[in-house]
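Fold and geometry: a report
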Amino acid sequence: MATHRALIVDDEPDIRELLELTLGRMDIDTRSAADLGEAYRLLEQDTFDICLTDMRLPDGNGLDLVRHIQQNNPGLPVAVITAYGSMDSAVEALKAGAFDFVSKPVNLQVLRNLVNSVLRLTDALPTRDRRSRETLLGESEAMRDIRSTIEKLSRSQAPIYIWGESGTGKELVARLIHSKGPRADQPFVPVNCGAIPAELMESEFFGHTKGSFTGAVENKDGLFQVAAGGTLFLDEVAELPLHMQVKLLRAIQEKAVRPVGAQQETATDVRILSATHQELGELVEAGEFRQDLYYRLNVIQLRVPPLRERREDIPLLAEHCLQKLSANNKGEALTLTSAAVQALGAYDFPGNVRELENILERATTLSEGPSVNDTDLHLPAAGRMTDTSLPLTPGEIPLDTYMDNIEKDVLIKALEQTRYNKTAAARQLGITFRALRYRLKKLGLD
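Below, the structure is looked at part by part. Model, not experiment: these values are computed from the prediction.

Another aspect to go through is the pattern of salt bridges. Once the charged atoms of two side chains with opposite charge are near each other, the side chains can pair. By the definition in use, this model includes 24 salt bridges. Across the pair Lys 104 and Asp 54 runs a salt bridge, and its minimum N-O distance is 3.3 Å. One end of the pair, Lys 104, is in the loop between strand 7 (100-103) and helix 5 (108-124); the other, Asp 54, is in strand 3 (residues 50-54), and 50 residues separate them in sequence. Summarising the burial analysis for this pair, Lys 104 and Asp 54 share the class buried. Residues joined in a network through salt bridges with shared partners are Arg 5, Asp 29, Arg 31 and Asp 46.

A few words now on helix 18 (residues 422-429). Where helix 18 begins, the capping side chain belongs to Asn 421, and its oxygen is found 3.1 Å from the backbone nitrogen of Thr 423. Gly 430 sits one or two residues past helix 18 and shows a positive phi near 75°.

Turning our eyes to something else, we now look at the sheet that holds strand 13 (residues 271-276). Judged by pairing direction, the sheet is parallel, and its five strands sit side by side in the order 9-10-13-8-14 without closing on themselves. With one partner strand each, in any of the chains shown, strand 9 (188-192) and strand 14 (300-303) form the two edges of the open sheet. For this sheet, the mean inter-axis angle between neighbouring strands, taken without regard to orientation, is 20°. As paired strands, strand 9 and strand 10 (residues 231-235) are joined by five bridges and run parallel to one another. Within the sheet, the bridge partner assigned to Phe 188 lies in strand 10 and is Thr 231.

Moving on: the packing of aromatic side chains. Under the defined criterion, the tally for this structure stands at five aromatic pairs. With 6.3 Å between their ring centres and 50° between their planes, Phe 205 and Phe 206 make a pair best called tilted. Ring geometry for Tyr 347 against Phe 349: centres 4.8 Å apart, planes inclined by 70°, an arrangement best described as edge-to-face. With respect to class, Tyr 347 is no different from Phe 349; both count as buried. The structure contains a cluster of three or more aromatic residues connected by ring pairs, namely Phe 205, Phe 206 and Phe 224. Note that Lys 255 overlies the ring of Phe 101, its terminal NZ or CZ placed 4.4 Å from the centroid.

Right, let's talk about the nonpolar core for a bit. Ranked by internal contacts, the top residues of the largest apolar core, which has 32 residues, are Phe 205, Phe 224, Leu 232, Leu 234 and Phe 289. When contributions to this core are tallied by element, the ones reaching two or more residues are strand 8 (160-163), strand 9, helix 8 (201-206), helix 9 (223-226), strand 10, helix 10 (242-254), helix 11 (280-285) and helix 12 (291-297). The element that contributes the greatest number of residues to this core is helix 10, accounting for five residues. Apart from the residues lying within four places of it in its own chain, the contact partners of Leu 232 are Val 189, Val 191, Leu 223, Phe 224, Ala 227, Arg 271, Ile 272 and Leu 273. Ranked by size, the runner-up nonpolar core spans 27 residues in total, among them Phe 48, Leu 65, Val 91 and Ala 158.

Along its 16 residues, helix 13 (residues 314-329) runs 22 Å from first to last C-alpha, staying within 8% of the 22 Å computed at 1.5 Å per residue. Looking at helix 13, one finds that the buried residues are Ile 314, Leu 317, Ala 318, Cys 321, Leu 322, Leu 325 and Ser 326.

Conventions adopted
- Residues numbered from 1 in each chain as written.
- Predicted model: local features only at pLDDT ≥ 70, side-chain atom pairs only at ≥ 80, totals over all residues.
- Heavy atoms only, no water.
- Salt bridge = Lys/Arg side-chain N within 4 Å of Asp/Glu carboxyl O.
- Helix = DSSP H or I, 4+ residues; strand = E, 2+ residues; numbered from the N terminus.
- Buried < 20%, exposed > 50% of the residue type's maximum accessible area, 1.4 Å probe, protein only.
- Polar contact = N/O pair within 3.5 Å; in protein donor to acceptor, adjacent residues only side chain to side chain.
- Pairing = 2+ DSSP bridges.
- Axes fitted to C-alpha atoms, helices over the stretch in contact; angles between N-to-C directions.
- Phe/Tyr/Trp six-rings, centres within 6.5 Å; stacked < 30°, edge-to-face > 60°.
- Lys NZ or Arg CZ within 6 Å of the ring centre and 35° of its normal.
- Core = buried A, V, L, I, M, F, W, Y, C linked by side-chain atoms within 4.5 Å.
- Contact = heavy atoms within 4.5 Å.
- Expected span 1.5 Å × (residues − 1).

Here you go:
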């Protein structure tokens, strides 16, 4: 016996029949309407778990139905069926509140994937843990707004562009959107687009077949395949070269990828979240980022505020960082003196939360006693503790610790100057990217 119900809205009898048969084989009960008027009547008479609607209808369009459902049945996910190549319509529907879209001619596997995503959300809704206060810390108005927005965005499949300065927690926001949505039990795959060599990008994203190029000794899945059913998070998406932007756009639009060396495309089911510390709109104007990909990724934009715009959250974040450091070091958590809290509150944190963590890690390493004072922080305005011109009391700091802290400061400074672009920081330091990653991991900065 069917446990889910679907409303199908399309004026073409053949399409309605195809959708009814496909959903019926998934044990989903269906009701059908040929126009908006009939759809509105069915929505008043019955309850549904999903609605599939064509964009073109005799008495209006799918957008009218999406807006009607958003107003009167906000808990009902709607997926729109768009004509081939009509990405503008699909993006407009997503912005209006549609859960997702599927293009004509309808790929039945893509349709089944979409419906399964909706049903996972519907089934998990009563038990899903909606709290994010313990994960995305802060009681400022900005953070309360972000947590509220995440609750709404997690129910959609619309691509989201997360914008914010380096160190603000963009990946954490992406993970929360994933963990609170219907794909929570599927993979979350983050990728730093600036860390993949250009010549390997297509293989890394889409996979390759055995023998497709020198060194391809076996078939290999790409990031889209690894993230199947889950979420692919494209961090620093602005670093993608133009030739890869074209291929990524096609993969997102067609919901299919072609591994290097393969003859056929394979359907893919991933939600795309992207982020960058750069302003993509400016890169589009400069011709460095494709406008069509920008509009496809930027269906919904979520800005993560810098730490200086939510200074009231600094004491809570600092306390959390100190507790985490003590747990890692298996020691008792240090506390901040009132002078230290005041000093942190007056600092602008160009590196945001990541810089706060680094400052506190350095302070706990060098401080003595149960608390961290303002002099232990060595904020840039007051000079750095690891300045080699500072006098040291014999035996005050072991040589290894002292040298490690000098290296930490050099690495942090390079990362701050390059806005935490590790590739650029490695180039500035005159070392390889791999060497930088090794040093960051060794010093606990990764």
